[in-house]
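Architecture at a glance
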Amino acid sequence: MMRRRSTLQNQDLTIEAIQEHNILHVPPQALHGRRRSSVAFSLDSNNAPNFLHRNSLRRNSLRAVQFSMALRKHSVAKTELPKPKVENTYKLGPDQWGKFRQHQVENVIKNVFEVHLKDSQYDSEKSGSLACELSAEIKTRVKALEFKRYRIVVNVILGQNKEQGVEVSSRCLWDANTDNFTSYSYHNSSIFATGMVYGVYFE
């Protein structure tokens, strides 16, 4: 009985305090003998009521998660670029004048080597980066020749020229009717270079 009275007194005090602040207008008799609800009371700066039920919080948080997921899917789908519609050409090989032309590619390699290696001296620390630069420039110029539907592969080998014998070989598995390659070697008193360009037709 003592515990029951203390509980009721606490309820009366709580309700009286709430009524003093105009938060909840419920008579004390309405809550006597009932279980306390899971409603939290708080005041903002304007003394306005803010009732947050636990179940409502769970439902609201679930809705917020679902809304954020839907918004994320919408934003991802919105940023996807449309796929271009290209008709099938049913071509299994290049045109008569669209094949890989060896003499033109060989002239490209020759011009690049003569421009960049004419007065160059061999440097073991810079030879790797120089080979990459030469291969990139050769590839760019060969692509400018517009061999349609061809994949271009370039390989450049640099070394020190000490009048030694050097042999460079390669082996490829491809279609001899459409695919081809060309190579060119250059040397001066200090450096030698070999460039190889492969043209592989892509169906």
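The notes below deal with the structure included here.

Reading guide: rules and limits
- Residues numbered from 1 in each chain as written.
- Predicted model: local features only at pLDDT ≥ 70, side-chain atom pairs only at ≥ 80, totals over all residues.
- Heavy atoms only, no water.
- Salt bridge = Lys/Arg side-chain N within 4 Å of Asp/Glu carboxyl O.
- Buried < 20%, exposed > 50% of the residue type's maximum accessible area, 1.4 Å probe, protein only.
- Helix = DSSP H or I, 4+ residues; strand = E, 2+ residues; numbered from the N terminus.
- Polar contact = N/O pair within 3.5 Å; in protein donor to acceptor, adjacent residues only side chain to side chain.
- Contact = heavy atoms within 4.5 Å.
- Pairing = 2+ DSSP bridges.
- Axes fitted to C-alpha atoms, helices over the stretch in contact; angles between N-to-C directions.
- Parallel < 35°, antiparallel > 145°, perpendicular 65-115°, else oblique.
- Left-handed = near helix turned anticlockwise from the far one by under 90°.
- Nonpolar A, V, L, I, M, F, W, Y, C, P; charged D, E, K, R; others polar.

Turning to the pattern of salt bridges, a few remarks are in order. Applying the stated criterion across every chain yields a total of two salt bridges. K91 is the partner of D95 in a salt bridge, and the nearest nitrogen-oxygen pair spans 2.9 Å. Judged by its relative accessible area of 45%, D95 falls in the partly exposed class. The partly exposed category is assigned to K91, whose relative accessible area is 30%. Across the pair E137 and R141 runs a salt bridge, and its minimum N-O distance is 2.9 Å. Of this pair, E137 and R141 both sit in helix α5 (residues 127–143), four residues apart, roughly one helical turn. The exposure class of E137 is partly exposed, given its relative accessible area of 23%. Classification of R141 by relative accessible area gives partly exposed; the value is 37%.

To continue, consider the side chain of S135. Within the fold, S135 resides in helix α5. A distance of 2.8 Å separates a polar side-chain atom of S135 from the backbone oxygen of C132. In contact with S135, other than residues within four places in its own chain, are V154 and V156.

Our focus in this paragraph is the pairing of strand β4 (residues 180–187). Two faces belong to every sheet, and in a regular strand the side chains alternate between them. Inspection of the sheet shows β4 paired to strand β5 (residues 191–201) by eight bridges, in the antiparallel sense. Pairing of Y186 across the sheet is with A193, part of β5. Here β4 folds back onto β5, and the loop between the two strands holds three residues.

Turning our eyes to something else, we now look at the packing of helix α4 (residues 102–117) against α5. Between α4 and α5, the shortest axis-to-axis distance is 10 Å and the interhelical angle comes to 140°. When the interaxial angle is binned, α4 and α5 end up oblique. You can see that α4 and α5 cross each other, and the crossing is right-handed. Every residue of α5 that contacts α4 at V105, V108, I109, N111, V112, F113, H116 and L117 is listed here: L130, L134, E137, I138, R141 and V142. Broken down by class, the residue content of the contact of α4 with α5 amounts to ten nonpolar, two polar and two charged.

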